[in-house]
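Survey of secondary and tertiary structure
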Amino acid sequence: MTQVANLLEGLNPAQREAVETVDGPLLIIAGPGSGKTRVITHRIAYLVQEYGVSPYSILAMTFTNKAAREMTDRLGRLAGPHAGALTVGTFHSFCARLLRIEGDFIGLSRNYSIFDDDDQISAIKQCLGQADYDPKRYPPRAVLSAISRAKNVLQDSQAMARDAAGYYFEEVCARVYRHYEELLARNNAVDFDDLLLRTVQLFREYPVVLQRYQDRYGYLMVDEFQDTNVAQYQLSRQLSQGHQNFCVVGDPDQSIYSWRSADVRNILNFKNDYPRAKVISLGQNYRSTANILNAAKGLIESNGKRLDHQLFTDNSTGQPVRVDEAYDEDEEAGKVIGEIKRLTREESFKLGDCAVMYRVNAQSRAMEEACLQQGVKYRLVGGTRFYQRKEIRDLTAYLRLVYNQQDDQTLARVVSVPPRGLGAKSMQQLGEWATGRGVSTFDAMREITLASRNKQPSPVSLPSRAASSIAKFVDLIERLVAISREAEVVKLIDVLLSESGLQKHIQESDERPEERWENVMDFRGIAQEFNAETPPDGLGSLLERTSLVSQVDDLEDAEDSITLITLHQAKGLEFPVVFIVGMEEGLLPHSRSLDSEEQTEEERRLCYVGMTRAEQRLYLMRAFRRNFRGGSGGPAAASRFLREIPEDLLVPAALSSTAARTVTSPQPGGGSSIRAAALAAASVAPSSGPALKVGDPVRHRAFGDGIVMACEVTASDVEVTVEFAGGVGAKRLLLSFAPLEKLSDSEDPGLGGR
Ligand SMILES: Nc1ncnc2c1ncn2[C@@H]1O[C@H](COP(=O)(O)OP(=O)(O)OP(=O)(O)O)[C@@H](O)[C@H]1O
Ligand SMILES: [Mg+2]
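Under an unreviewed UniProt entry, the protein has the name DNA 3'-5' helicase and belongs to Geodia barretti.

Structural data, given as structure tokens:
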């Protein structure tokens, strides 16, 4: 009994009510950090300890495996040895297990396989062929997405076809879908969406089976209910039909998965589907300081359609949210790491207290590198490490071969990306011949090419197609080698990308071509740093850097390490210190979301989720330039979200960067009064106007003297065009960063009046 008392003690009255409501449907809608997940875990422990409910009959669904693990951990502490008998997992893991046992009913044998992304795409390609559709007109990725959407609303191919009548693309997809179903069946396989769909179908067609699971699971709970899709909701309804002991917790303001067909309307439907449902809201946030909470609330209020609910905290005010700006993503990363080091040195924080969150995976690259340079351990949640991504490995393999043609290992990788008609058999023959003569594969290729150029018979008998492929390949590599000896690294990369066909290969790939190309451009941005070295030393240094970075896998699970994580994956988690990087228009909100208000609102919720992960410190960072946008590093305006946060809760942080890097571009740090004025103008508040006007004479630390030709106020800065004397010409500069000094009129360099 004392244990039960303890279970309830740590709860406020609303939470306690939720825990004690053990029978019937229960809907808990509440904001971040209000204890929703805590209520679920306590409720489970309470059911077991107070009511003697068998843990075997409790099913709790979470959204990610990580969340499931965290809940099991918390339950281990609360429910002790009972915890093992509980079923806690994601919808997908629950269904996968169920289908292993019951799949026979619907023709799936026990050893069925689950198709991953690559498998799915090649299956779709095959099906497009069977149905006689041109994959150029019907991109497999788009077809697969349409099929996935149909599956998420529980449509099989027939249902999809019925719905598609009159919409040509959908009709095509429905036909491909039918072939795809057959293919999956032939392979005794399912895809990710099928796990849910097939389980719901199984329950529908075999009530006996459903009955068994209804009997077993007398209590059902779902966390993060705002992110369930139709299939997940349907499955929960089936399971809870009889007893209706169904408890869901969620927060409409944190719904961030509509792109995966999650439907926040499930929360609203809940009240219709379960009219007896008790609704409880939890108003108190226990996670964050008042400043952090209020900043987040200020942001989310910009969303139009919201269920209004109260959210307050008794926590201390805490420090203001810190906002800082950097020249580019590397400086941004350097500043973040510098501040984290300071927090661990001067305050009581540990590395494990700190998390850095970002919108897209490509942003992890700069952070990973800064960690490495500074010897700070990190763990990357989800996502492949930057240098291990396929497109980056392909590109660096080319560079490595150009640097050292004796590397057979690397040649083997490069030779078929993109495919160039050199089959495994030819390569094997070639390899054997080379080994026999004790030369590298590339040298052997060179000999063959030389022979054919001199119209001599080939020393190895190869199909003529292979021989001509080899000659082309040798040509390509030799040309690149020549360039590498005289040109800057970036130039080499550019020629390589276009002439090897790698660029086309990546941009036309089926798998996230945009994101992959962004990664390549990000890599190009890194390479820029080595441009200054004499060729081919720059290439050598670049390669050294990349291999160093990819050799530190063992850092991954280190306990005392900072966490690098996307905003999407951060859902449900909490950290004492949070940095959100890349607060820029086009990134957060993401450019793909800008054409619809609804999607922009989802981006705002995503930012809200990120901010509300923070317990004590929150930092919002932006960079003026970001290399992965296309290598040129176009300037980006500050995120509108920064302006939407109440200004009095923010302070400029002016963090110092620890990154040891040589910068050739204009750098923050000039001490002129114009800079101060411009910084004020460039703060998160809308600009108060330029401190320079057209015609003003100015002096730049590097470019010399010039005249202001144009001033343009952007969202967060002032862009000035200055015509410099002495053959330097016109430059466009960001006022807040350019080391510009206004001259008195008597110092006019004499260009004026044009
Ligand atoms: N009554 C309470 N007393 C003390 N701490 C609490 C109380 N309720 C919740 N907490 C703590 O507040 C933090 C947030 O709780 P929890 O993670 O359950 O919130 P949540 O509503 O699930 O948040 P999110 O919406 O972000 O998932 C946790 O550290 C939790 O232990
Ligand atoms: Mg939670």
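There is more to say after this.
1. Brief notes about the overall build of the protein
Secondary structure summary: the protein contains 28 helices and 20 strands in total. In the protein, which comprises 754 residues, the share counted as buried stands at 55%. A separation of at least 24 residues holds for 76% of the contacts in the protein among residues at least 6 apart in sequence. Accessible surface, the protein: about 32,200 Å² in total, of which carbon and sulfur atoms supply 48%.

2. Side note on the environment of Ala 397
Topologically, Ala 397 is positioned in helix H17 (residues 390-403). Using a relative accessible area of 4% as the deciding quantity, one classes Ala 397 as buried. A sequence separation of 115 residues divides Ala 397 from Leu 282, and the C-alpha atoms of the two residues are 54 Å apart.

3. Here's the deal with the site of ligand 1
Around ligand 1 there are 20 residues in total, and Lys 36, Arg 38, Arg 287, Glu 574 and Arg 613 lie nearest to it. In the environment of ligand 1, an oxygen atom lies 2.9 Å from a nitrogen or oxygen atom belonging to the backbone of Gly 33. In the environment of ligand 1, an oxygen atom lies 2.8 Å from a nitrogen or oxygen atom belonging to the side chain of Arg 287. Look at ligand 1: alone it shows 630 Å² of surface, and the protein chains cover 85% of it. A total of three residues in the shell around ligand 1 trace back to one element, the largest contributor, which is helix H3 (residues 36-51). In terms of residue class, the shell around ligand 1 is built from three nonpolar, ten polar and seven charged.

4. Things to note about the nonpolar core
Counting 62 residues, the largest nonpolar core has Phe 94, Tyr 180, Leu 235, Leu 239 and Phe 270 as its most contacted members. The element that contributes the greatest number of residues to this core is helix H9 (residues 168-186), accounting for eight residues. With sequence-adjacent residues up to four places away left out, Phe 94 is seen in contact with Leu 59, Met 61, Thr 87, Tyr 217, Leu 235 and Leu 239. Counting residues in hydrophobic clusters, the runner-up holds 53 residues, among them Tyr 387, Val 415, Leu 422 and Phe 442.

5. With respect to the sheet that holds strand S10 (residues 354-358)
A sheet is described by the order of its strands in space; here seven strands give the open sequence S11-S12-S10-S13-S14-S9-S15, paired in parallel fashion. Edge positions in the sheet fall to strand S11 (378-380) and strand S15 (650-652), since each has one partner strand and no second. Strand-to-strand twist in this sheet, taken as the mean axis angle between neighbours without regard to direction, amounts to 25°. Each of strand S9 (321-328) and strand S14 (614-625) touches helix H14 (residues 290-300); the most contacted strand, S14, lies at about 50° to it.

6. Digging into the sheet that holds strand S3 (residues 87-90)
Spatial ordering of the open sheet is given by S3-S2-S6-S7-S1-S8, a layout of six strands whose pairing is parallel. Each end of this open sheet is capped by a strand with a single partner; those strands are S3 and strand S8 (278-282). Taking the axes of each pair of neighbouring strands and ignoring which way they run, one obtains an average angle of 15° across the sheet. In this sheet, strand S7 (residues 246-250) lies alongside strand S1 (residues 26-30) in parallel orientation, the contact comprising four bridges. Its bridge partner lying in S7, Ile 28 is registered against Val 249. Sheet strands in contact with helix H2 (residues 13-20) are S1 and S8, and its direction is about 145° off that of S8. Packed onto the sheet, helix H12 (residues 230-240) meets strand S2 (58-62), strand S6 (219-222) and S7 and runs at close to 160° relative to S6.

7. A closer look at the pairing of strand S12 (residues 562-566)
In terms of burial, S12 is a largely internal element, five of the five residues being buried. Alternating residues of S12 divide into Ile 562, Leu 564 and Thr 566 and Thr 563 and Ile 565, and every residue in both groups is buried. In this sheet, S12 lies alongside S10 in parallel orientation, the contact comprising four bridges. Looking across to S12, one finds that Tyr 358 is bridged to Thr 566. Here S11 pairs with S12 via three bridges, running parallel. From the neighbouring strand, Arg 379 faces S12, where its bridge partner is Thr 563.

8. Notes on the pairing of S10
In terms of burial, S10 is a largely internal element, five of the five residues being buried. Neither face of S10 is open: one carries Cys 354, Val 356 and Tyr 358, the other Ala 355 and Met 357, and all of them are buried. Alignment of S10 against strand S13 (residues 575-580), held across four bridges, turns out to be parallel. Across the sheet, the residue bridging to Cys 354 is Val 577, located in S13.

9. A closer look at the UniProt feature "binding site: ATP" (unreviewed entry) in the protein
When the UniProt feature table is mapped to this numbering, "binding site: ATP" (unreviewed entry) covers Ala 30, Gly 31, Pro 32, Gly 33, Ser 34, Gly 35, Lys 36 and Thr 37. Tracing the backbone through its elements, the reader meets Gly 33 in the loop between S1 and H3. Taking the relative accessible area as the measure of exposure, Gly 33 reaches 12% and is therefore buried. Ignoring sequence-local partners within four residues, the contact set of Gly 33 consists of Gln 284, Asn 285, Tyr 286 and Arg 287. Note that Gly 35 resides in the loop between S1 and H3. A residue is classified by how much of its surface remains accessible, and Gly 35, at 13% relative accessible area, is buried.

10. A look at helix H5 (residues 91-102)
When the terminal C-alpha atoms of H5 are compared, their 16 Å separation across twelve residues agrees well with the 16 Å that a helix rising 1.5 Å per residue should span. For H5, the complete set of buried residues consists of Phe 91, His 92, Phe 94, Cys 95, Ala 96, Leu 98, Leu 99 and Glu 102. The secondary structure elements touched by the buried residues of H5 are S2, S3, helix H10 (192-205), helix H11 (207-216), S6 and H12.

11. Looking at unusual backbone geometry
With omega at -10°, the peptide bond leading from Val 417 into Pro 418 counts as cis. Assignment of secondary structure puts Pro 418 in the loop between helix H18 (408-414) and helix H19 (424-437). In this model, Glu 224 sits at a positive phi of 50°, which is unusual for a non-glycine residue. Note on placement: Glu 224 falls in the loop between S6 and H12. Accessibility expressed as a relative area gives 12% for Glu 224, which makes it buried. Unusually for a residue other than glycine, Gln 244 sits at a positive phi of about 60°.

12. Description of the confidence of the model for the protein
Looking at the protein, pLDDT values average 84 and 88% of them are 70 or higher. Scored below 50 in pLDDT, residues 550-558 shows 16 contacts in the model against residues more than four places distant or in partner chains. Confidence over residues 659-686 falls short of pLDDT 50; this stretch has 55 contacts with residues more than four positions distant or in other chains.

13. Things to note about the packing of aromatic side chains
Evaluated as defined, the whole model comprises 13 aromatic pairs. Taking the centre distance of 5.6 Å and the plane angle of 65° together, the rings of Phe 246 and Tyr 274 count as edge-to-face. Here Tyr 274 lies in the loop between helix H13 (265-273) and S8 and Phe 246 lies in strand S7, a separation of 28 residues in the sequence. Overall, Phe 246 belongs to the buried group, its relative accessible area being 0%. Over the ring of Tyr 56 we find Arg 216; its NZ or CZ atom is 3.7 Å from the centre of that ring.

Rules used throughout
Residues numbered from 1 in each chain as written. Chains lettered and ligands numbered in written order. Predicted model: local features only at pLDDT ≥ 70, side-chain atom pairs only at ≥ 80, totals over all residues. Heavy atoms only, no water. Helix = DSSP H or I, 4+ residues; strand = E, 2+ residues; numbered from the N terminus. Buried < 20%, exposed > 50% of the residue type's maximum accessible area, 1.4 Å probe, protein only. Contact = heavy atoms within 4.5 Å. Areas by Shrake-Rupley, 256 points an atom, 1.4 Å probe, with all protein chains shown as cover. Near = heavy atom within 4 Å. Polar contact = N/O pair within 3.5 Å; in protein donor to acceptor, adjacent residues only side chain to side chain. Nonpolar A, V, L, I, M, F, W, Y, C, P; charged D, E, K, R; others polar. Core = buried A, V, L, I, M, F, W, Y, C linked by side-chain atoms within 4.5 Å. Pairing = 2+ DSSP bridges. Axes fitted to C-alpha atoms, helices over the stretch in contact; angles between N-to-C directions. UniProt positions renumbered as here; feature names shortened; annotations may be inferred. Expected span 1.5 Å × (residues − 1). pLDDT = per-residue confidence, 0-100. Phe/Tyr/Trp six-rings, centres within 6.5 Å; stacked < 30°, edge-to-face > 60°. Lys NZ or Arg CZ within 6 Å of the ring centre and 35° of its normal.

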